[in-house]
Amino acid sequence: MIEIARVPALSDNYIWLAHDPVSGETAVVDPAQAEPVLAEAERRGWRITQIWNTHWHPDHTGGNAAIKAATGCVITGPAAEAARIPTLDRQVGEGDRATLGGIAAEVLEVPAHTAGHIAYHLPGEAAIFVGDTLFAMGCGRLFEGTAAQMFANMQRLAALPPETRVYCAHEYTLSNGRYAVTAEPDNEALLTRMAEVEAARAREEATVPTTIALERATNPFMRAASVEELAERRAAKDAFRG
Ligand code: ZN
Ligand code: FE
């Protein structure tokens with residue numbers, strides 16, 4: 001059974017450490033920075049052997065070089081963005097696998113936030129690392145792709161087993177929720193969740209990971225009925241000041 005640790009970085013990033021206690025391998029997912037990752041691994045006695053990048057943005061790759069220099073780890077990331085992640089050792093795309101000891105991660109291509117964005121799904125662990133594609137009650141901005149692509153991504157992620165834990169790369173939940181309740185004011189599950197999130201954030205607690213089941217019930221982007229509805233909601237969120 002995999003162990004996953006959360007490392008807060010920058011203003012609102014989460015870097016995830018995925019540790020396989022059997023092999024002793026540890027993968028760092030989307031290291032915004034090196035220092036907090038190296039410190040947490042040291043504190044836990046975890047040996048970093050890999051980095052998994054979901055996309056090229058500097059708040060997901062900024063720690064690559066320094067972590068590799070310190071540990072000699074192997075860096076895996078999206079083939080379609082290899083030119084923008086010069087530290088990559090291994091390029092992957094749809095259907096490829098990354099393995100952490102005996103634990104397999106299947107690579108899903110989920111373009112839209114960036115053109116080559118990937119996610120790492122660990123079906124045997126009921127976990128997925130989604131980078132900036134899916135957030136608690138939100139989705140990534142459409143910097144390099146279309147609403148149609150993001151709609152397809154949301155449908156695909158919604159079809160994963162409902163118990164799947166979703167490891168997002170940012171603590172955006174409160175801001176997403178404030179918009180979400182305007183998109184679906186009559187959604188009781190959403191209103192209940194928002195109250196819980198407000199309380200958790202008031203206590204400075206993290207609200208990630210989430211689950212596919214919770215997103216299916218409360219996420220206005222995953223719940224959008226059409227490409228057009230997702231596009232409208234994404235544009236409204238981009239303009240939302242809550
Ligand atoms: Zn990003
Ligand atoms: Fe990001």
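Quick note: structure is the one above.
A few points on the structure.

Moving on, we come to the overall build of the protein chain. Across its full length, the protein chain holds 8 helices and 14 strands. Here the C-alpha atoms of the protein chain give a radius of gyration of 17 Å, agreeing with the 18 Å that 2.2 N^0.38 yields for 242 residues. Counting only C-alpha atoms, the protein chain reaches 50 × 40 × 30 Å along its principal axes. Considering only contacts within the protein chain whose residues lie at least 6 apart along the sequence, 61% involve residues at least 24 apart.

Now for the environment of Gly24. By the element assignment, Gly24 lies in the loop between β2 (13-19) and β3 (25-29). Taking the C-alpha atoms as reference points, Gly24 and Ala147, 123 residues apart in sequence, are found 40 Å from one another. The contact partners of Gly24, leaving out residues within four places of it in the chain, are His19 and Arg47.

Geometrically, a metal with four donors at the corners of a regular tetrahedron has ideal angles of 109.5 degrees, and one with six donors at the corners of a regular octahedron has ideal angles of 90 or 180 degrees. Only Asp59 (OD), His60 (NE2), Asp132 (OD) and His170 (NE2) from the protein reach the iron ion (ligand 2) as donors, at distances of 2.0 to 2.3 Å. Angles of 84 to 168° at the metal separate the 4 donor atoms of the iron ion (ligand 2), which places the site in the irregular class. Expressed as a motif, the donor residue spacing for the iron ion (ligand 2) is D-H-x71-D-x37-H. The metal-metal distance between the iron ion (ligand 2) and the zinc ion (ligand 1) is 3.2 Å, with Asp132 coordinating both. Taken together, the positions of Asp59 in helix α2 (residues 58-61) and Asp132 in the loop between β10 (127-131) and β11 (134-135) put the pair 73 residues apart, joining distant regions of the chain. Note on accessibility: Asp59 and Asp132 belong to one class, buried.

Note that soluble globular proteins tend to have their nonpolar side chains buried in a common cluster. Counting residues in hydrophobic clusters, the biggest one holds 44 residues, and the most contacted among them are Trp52, Tyr120, Phe129, Met154 and Leu157. For Leu157, the contacting residues outside a window of four places in its chain are Leu108, Ile128, Thr133, Leu134, Ile212 and Met222. Residues Ile15, Ala32, Ala41 and Ile67 belong to the second largest nonpolar core, which totals 20 residues.

The 6 strands lie next to each other as β7-β8-β9-β10-β13-β14, forming an open sheet whose pairing is mixed. Sheet topology places β7 (97-100) and β14 (210-211) at the edges, where each strand pairs with a single neighbour.

The next subject is the packing of aromatic side chains. Applying the stated criterion across every chain, the model contains 8 aromatic pairs. Centre to centre, the rings of Trp16 and Tyr167 are 4.9 Å apart; their planes meet at 80°, and the pair counts as edge-to-face. Here Trp16 is found in strand β2, whereas its partner Tyr167 is found in strand β13 (residues 165-168), with 151 residues between them in sequence. Here Trp16 matches Tyr167 in class, with each residue buried. An aromatic cluster is built from Tyr14, Trp16, Trp52, Tyr120, Phe129 and Tyr167, whose rings are joined through pairwise contacts. The ring of Trp56 is capped by Arg84, whose NZ or CZ atom sits 3.8 Å from the centre of that ring.

Only His55 (NE2), His57 (ND1), His113 (NE2) and Asp132 (OD) from the protein reach the zinc ion (ligand 1) as donors, at distances of 2.2 to 2.3 Å. What the 4 donor atoms of the zinc ion (ligand 1) show is an angle range of 88 to 171° at the metal, which sorts the shape as irregular. Binding-site remark: the zinc ion (ligand 1) is held by donors from one chain whose sequence spacing is H-x1-H-x55-H-x18-D.

Cut-offs used in this document
Residues numbered from 1 in each chain as written. Chains lettered and ligands numbered in written order. Predicted model: local features only at pLDDT ≥ 70, side-chain atom pairs only at ≥ 80, totals over all residues. Heavy atoms only, no water. Helix = DSSP H or I, 4+ residues; strand = E, 2+ residues; numbered from the N terminus. Rg over C-alpha atoms; globule rule 2.2 N^0.38 Å. Contact = heavy atoms within 4.5 Å. Donors = N, O, S within 2.8 Å, 3.2 Å for Na, K, Ca; no water. Tetrahedral: all angles 85-135°; square planar, octahedral: opposite > 155°, others 65-115°. Buried < 20%, exposed > 50% of the residue type's maximum accessible area, 1.4 Å probe, protein only. Core = buried A, V, L, I, M, F, W, Y, C linked by side-chain atoms within 4.5 Å. Pairing = 2+ DSSP bridges. Phe/Tyr/Trp six-rings, centres within 6.5 Å; stacked < 30°, edge-to-face > 60°. Lys NZ or Arg CZ within 6 Å of the ring centre and 35° of its normal.

Just geometry here; none of it tells us what the structure is for.
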